[in-house]
Amino acid sequence: GTVALIDSGSFRYKGKVVSLSPFAIHTTEVTQQFFKDVMSKIDSTKRIKDRSSFTGARHPVHNITWNDAQSFCKAIGGDLPTEAQWEFAGRADNNEGALWNLDENPDPGAYAIYKANSYSLGKKNPAYGPQPVSTKKSNAWGIFDMSGNVAEWTRDKYFMFSVWVESSNPTGAMMGSSKVYKGGSWKDKESLLNLTERDDEDPRYWSDAIGFRCAFPRDLFEGK
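Calculation rules
Residues numbered from 1 in each chain as written. Predicted model: local features only at pLDDT ≥ 70, side-chain atom pairs only at ≥ 80, totals over all residues. Heavy atoms only, no water. Salt bridge = Lys/Arg side-chain N within 4 Å of Asp/Glu carboxyl O. Helix = DSSP H or I, 4+ residues; strand = E, 2+ residues; numbered from the N terminus. Buried < 20%, exposed > 50% of the residue type's maximum accessible area, 1.4 Å probe, protein only. 1 Å grid on protein atoms, 1.4 Å probe; cavity = no way out; pocket = protein on both sides within 12 Å on 5 of 7 lines; lining within 4 Å. Points joined across faces, edges and corners; volume = space filled by probe spheres on them. Nonpolar A, V, L, I, M, F, W, Y, C, P; charged D, E, K, R; others polar. Arc of directions from axis to C-beta. Contact = heavy atoms within 4.5 Å.

Caption draft 1: How the structure looks around the pattern of salt bridges. Under the definition given, this model contains 13 salt bridges. Residue D208 is joined to K187 by a salt bridge in which the shortest nitrogen-to-oxygen separation is 2.8 Å. Residue D208 is located in the loop between β7 (199–201) and β8 (210–211), and its partner K187 is located in the loop between β6 (178–182) and β7; the two are separated by 21 residues in the primary sequence. On the basis of relative accessible area, D208 is assigned to the buried category, the value being 18%. Among the residues examined, K187 registers a relative accessible area of 32% and is labelled partly exposed. Linked by salt bridges that have partners in common, K14, E83, E87, R91, K182 and R198 make up one network.

So this is what it looks like as structure tokens:
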């Protein structure tokens with residue numbers, strides 16, 4: 001449940017400079033242990049079952065629908081991040097979509113669990129599948145696994161013909177029923193790990209390649 005406190009700022013998002021208000025975001029994908037701990041403390045009628053197939057206390061929750069992911073975040077005082085919040089946090093105040101491009105010797109495997117170092121190794125290899133969170137390098141703001149491991153649900157609706165982007169705190173399409181997810185996963189090739197990439201699915205969809213992290217109002221952690 002550790003969070004990074006993100007200051008307000010501006011960045012280029014979908015071809016436009018937009019501004020974001022301060023917020024907080026989990027530094028890792030929600031782990032199975034954290035999920036279990038939270039579920040044990042809420043009303044039994046509202047508990048969500050963890051259906052993760054690759055199990056481990058520090059493995060990310062996966063096989064979770066958008067609806068259940070958002071319900072979990074709301075249960076702890078937050079919500080799923082907007083696509084803009086997610087991307088701003090992931091890029092950590094730089095214009096590179098892939099963090100390893102900032103390094104002198106770019107190596108996606110230093111930052112990401114993805115097809116080349118997971119899926120392609122085959123089911124008999126222990127590196128196959130989602131791996132414990134924060135085993136790779138973080139970005140400059142101490143946030144892990146924004147590229148790879150499991151892709152992550154965002155709050156935003158997806159609509160293929162949407163071109164309008166709000167100048168401040170954009171919240172996605174007004175129309176559409178599917179939801180945006182970001183970051184690429186342990187099954188994806190390097191090009192799909194770029195933080196500007198996006199995909200979408202029905203909010204009832206679940207997969208062993210999709211998990212989530214939560215975002216919060218920053219003042220929730222500042223005693224205001």
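Caption draft 2: Fine view of the layout of surface pockets. Volume-wise, the largest pocket comes out at about 230 Å³. Grouping the constituent residues of the lining of the largest pocket by class yields 6 nonpolar, 4 polar and 6 charged.

Caption draft 3: A look at helix α2 (residues 66–75). Within the sequence span of α2, burial applies to W66, A69, Q70, F72 and C73. Viewed end-on, α2 has its buried residues packed into an arc of 155°, placing them on one side of the element. Tucked into the core, α2 has its buried residues touching α1 (32–39), β5 (151–158) and β6. The first or second residue beyond α2 is G77, which carries a positive phi of 90°.

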